[in-house]
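Letter by letter, the chains look like this.
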Amino acid sequence: MLMEQATTVRNEWSSVCDSVIHDKPKFIKRTRDKMWFSNLETMSEILEAYQFTAVKNIEEDGSITLSLNEIDIIENGKNEQEAKLKMANSILEYSLEYYNEYHLYSHSPNRKKHIPYIFKALIMDDAEKIGDMIQCQSGKN
């Protein structure tokens, strides 16, 4: 692989950053550690394939309950739009908590697969945009 040595990256930090922002990501090796350095635009493009989907149930009172498929989050609102916005806010809140406790959450077997969704939400950082992208499928009551 095209690994750059960490010492070289450290010595040429400014030019490496410029290269990553304007040219392409870099693969970096430090002893046995390997890492990838990229701008957020590239990361966002990589995460484009990850979508938030939810099962939509209409409650007896006419409200809408959404159950997110990718992460165990459930929200209810008076209509679908309100439920999506509440869901998006919960996704962002969970994403921040996950990131702040990354070492714990990313090593938990039931949460490890959340990683791409967490970074997608953190990069988007906009509840309205996240809410707009939630794809709902009708559920059974």
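## As for the side chain of Ser108
Within the element layout of this structure, Ser108 appears in the loop between α5 (102-105) and α6 (115-124). Here Ser108 falls in the buried class, since its relative accessible area comes to 19%. Polar contacts involving the side chain of Ser108 include one to the side chain of Asn110, which spans 2.6 Å.

## Brief notes about helix α2 (residues 13-22)
Turning to α2, its buried residues number three or more, namely Val16, Cys17, Ser19 and Val20. Down the axis, α2 shows its buried residues gathered within 160 degrees of arc, on one side only. Opposite the buried face of α2, by more than 90 degrees, sit the exposed residues Ser14, Ile21 and His22. Buried residues along α2 sit against α1 (6-11), β2 (26-30) and β3 (33-37).

## Structural notes on the packing of aromatic side chains
For the coordinates displayed, the defined rule picks out 9 aromatic pairs. Each ring, one from Tyr98 and one from Tyr105, has its centre 5.2 Å from the other, and the planes form 80 degrees; the classification is edge-to-face. Tyr98 gets classed as buried once you look at its relative accessible area, which sits at 0%. A residue is classified by how much of its surface remains accessible, and Tyr105, at 10% relative accessible area, is buried. Grouping aromatic residues by their ring pairs yields a cluster made of Tyr94, Tyr98, Tyr99, Tyr102, Tyr105 and Phe119. Taking NZ or CZ as reference, Arg111 lies 4.4 Å from the ring centre of Tyr105, over its face.

## Focus on the sheet that holds β3
Sheet architecture is open: 3 strands sit in the order β1-β2-β3, paired in mixed fashion. A single partner strand is all that each edge strand has here, and the edge strands are β1 (3-5) and β3. When the angles between neighbouring strand axes are averaged without regard to direction, this sheet yields 35 degrees. Where β2 lies against β3, 5 bridges are found, and the strand directions are antiparallel. The residue bridging Lys29 from the neighbouring strand is Lys34, located in β3. Against the sheet, α2 touches β2 and β3, its axis set at about 55 degrees to β3.

## Quick notes on the pattern of salt bridges
Think of it this way: side chains of opposite charge can pair up when their charged atoms draw near. Under the defined criterion, the tally for this structure stands at 6 salt bridges. A salt bridge links Arg30 to Asp33; the shortest N-O distance between them is 2.8 Å. Given the relative accessible area of 46%, Arg30 is considered partly exposed. Residue class for Asp33 comes out partly exposed when judged on its relative accessible area of 37%. Linking Lys56 and Glu80 is a salt bridge whose minimum nitrogen-to-oxygen distance equals 2.9 Å. With Lys56 in strand β4 (residues 53-58) and Glu80 in helix α4 (residues 80-100), this pair connects stretches of sequence that are 24 residues apart.

Reading guide: rules and limits
- Residues numbered from 1 in each chain as written.
- Predicted model: local features only at pLDDT ≥ 70, side-chain atom pairs only at ≥ 80, totals over all residues.
- Heavy atoms only, no water.
- Helix = DSSP H or I, 4+ residues; strand = E, 2+ residues; numbered from the N terminus.
- Buried < 20%, exposed > 50% of the residue type's maximum accessible area, 1.4 Å probe, protein only.
- Polar contact = N/O pair within 3.5 Å; in protein donor to acceptor, adjacent residues only side chain to side chain.
- Arc of directions from axis to C-beta.
- Contact = heavy atoms within 4.5 Å.
- Phe/Tyr/Trp six-rings, centres within 6.5 Å; stacked < 30°, edge-to-face > 60°.
- Lys NZ or Arg CZ within 6 Å of the ring centre and 35° of its normal.
- Pairing = 2+ DSSP bridges.
- Axes fitted to C-alpha atoms, helices over the stretch in contact; angles between N-to-C directions.
- Salt bridge = Lys/Arg side-chain N within 4 Å of Asp/Glu carboxyl O.

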